Amino acid sequence: MKILFKWVVFLFCCFPTLLLAQDASNMIPKQSAVKDTARQTDLIDIAKELFKINPQKPRTQQEKKIYFSILPIPGAVPGGTGRALITSTTAGTYLGPQSTTNLSSATFAPYWNLKGRFGLPLRSSIWLKDNTWNIQGDIRFLVYPQYTWGLGSSHTYSDRSLVNNNYIRFYQSALKRITPYFFAGGGYNLDYHSSVKSDDPGVDLKQYTGYAYGTGSSSVSSGINLSLLYDTRNNSINPLPGSYLNIVYRLNPAFMGSNNSWNSLYVDYRKYVPLNKANKNQLNTLAFWSYFWTVFNSNAPYLDLPSLGWDPYNRSGEGIDQNRYRGKSLFYFESEYRRDLTANGLLGFVLFADVNTVSGSGTLFKSWHPAAGTGLRIKFNKGSNTNIGIDYAFSKGYKALVLNLGEAF
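The notes below deal with the structure included here. (Residues numbered from 1 in each chain as written. Predicted model: local features only at pLDDT ≥ 70, side-chain atom pairs only at ≥ 80, totals over all residues. Heavy atoms only, no water.)

Remarks on the pattern of salt bridges
(1) Moving on: Per the counting criterion, the structure on display carries 11 salt bridges.
(2) Moving on: The network of salt bridges with shared partners includes Arg123, Asp138, Arg140, Arg169, Asp191 and Arg250. (Salt bridge = Lys/Arg side-chain N within 4 Å of Asp/Glu carboxyl O.)

Rendered as structure tokens:
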């Protein structure tokens, strides 16, 4: 663990120097300013054909056009608390020339189970003209019941406890471009949990988890973050070949309102490798994702500890219950194979596998928890390259059918 921490700190300190030494001419080029999608097909094209709507000219990506993808679906409420209506809305637009500016995106995915349990999450990544700034936002108002299994692997899958909590999250960061594809900045983070208690009669959360902090009725974590970002992708909704590295160091001092002072580090790396560079219109890609998340103090609130599925986009651990593994440190790795099934890009498929290890009742890297699955992709909006994903994922003692807009990473 000490060796891993030294390497993480080394990467955090030296990465800017490595980027400054790169030749911008060797970077992955941006897509052309106007993308011709005439030879591609999505569900919008099919709907136009069914309703006899004939466009006067082929659809292309025009400057600053907004692309919406809306999908109302029935699904399981996070945490296993029954069925709910979940509406996922994704919007993408360009705030500058497409040849020099990434696609800005916003995702709003509210859910409601008709019994007072609901969530209003809004996630955004705004790229200003020529990528001079990247503004990141994550705002959530949730009534969020969720099963918990304590720290590490201290409890079996059936020995779980449903924990109610009202949750407010407000994250806002601004990162300035330093060199091509490298950004640095910071922002403010707030996590406020209230009405924290177990639904199970007679279960004391502090005793059940064996953890003293944040297992009472409420907890507050308020502080600042320092962020480094390296991103050669130009579409976060459905990433094209490229790389992504995000390093976030968070400080939560008591004088800013936190119950206790504590710090954390989150390091997220992703790589996308095209397998058919000669034919860029046909998707055939390997994708890799790994992150390391740790807290440095022993008094971080229980619900703010590193936990599977609680990465910034809540996409890790497909095939395993969200929150199944929680601890003071978490390491995660996932690989995915993505390929088109049809020449027009309407249908595709993915194969994926992931594994995680978490500290808690044991040592990090001592116990590994794998999962795997496969999925179908249907092109919903070719302008923003947004897919509907229908995935079947499984792990030991668990399986799930997941419907999403966009890719897991």
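Considerations on the pairing of strand β18 (residues 398-405)
(1) Moving on: The pairing of strand β17 (residues 386-395) with β18 spans 8 bridges and is antiparallel. For Ile388, the partnering residue across the bridge sits in β18 and is Leu405. (Pairing = 2+ DSSP bridges. Helix = DSSP H or I, 4+ residues; strand = E, 2+ residues; numbered from the N terminus.)

A short note on the side chain of Thr285
(1) Moving on: Inspection of the secondary structure assignment puts Thr285 in strand β13 (residues 284-295).
(2) Moving on: When its relative accessible area of 7% is taken as the criterion, Thr285 is described as buried.
(3) Moving on: With residues up to four places along the chain from it excluded, the contact list for Thr285 reads Tyr272, Val273, Pro274, Glu336, Tyr337 and Arg338. (Buried < 20%, exposed > 50% of the residue type's maximum accessible area, 1.4 Å probe, protein only. Contact = heavy atoms within 4.5 Å.)

What about the nonpolar core?
(1) Moving on: In terms of nonpolar packing, the biggest core is built from 23 residues, with Tyr291, Leu308, Leu330, Tyr332 and Phe409 touching the most fellow members.
(2) Moving on: Of the residues forming this core, the biggest block, 4 residues, is contributed by β13.
(3) Moving on: The contacts of Tyr332, once residues within four sequence positions are left out, are Trp289, Ser290, Tyr291, Leu308, Ser316, Gly317, Glu318, Asp354, Val355 and Asn356.
(4) Moving on: Listed in part, the 11 residues of the second largest apolar core include Val196, Val295, Ala300 and Leu305. (Core = buried A, V, L, I, M, F, W, Y, C linked by side-chain atoms within 4.5 Å.)

Remarks on unusual backbone geometry
(1) Moving on: One non-glycine residue with positive phi stands out, namely Ser195, at about 55°.
(2) Moving on: Along the chain, Ser195 turns up in strand β9 (residues 182-198).
(3) Moving on: Of note, Asn323 is a non-glycine position whose phi angle comes to about 80°, a positive value.
(4) Moving on: Within the secondary structure, Asn323 sits in the loop between β13 and β14 (329-340).

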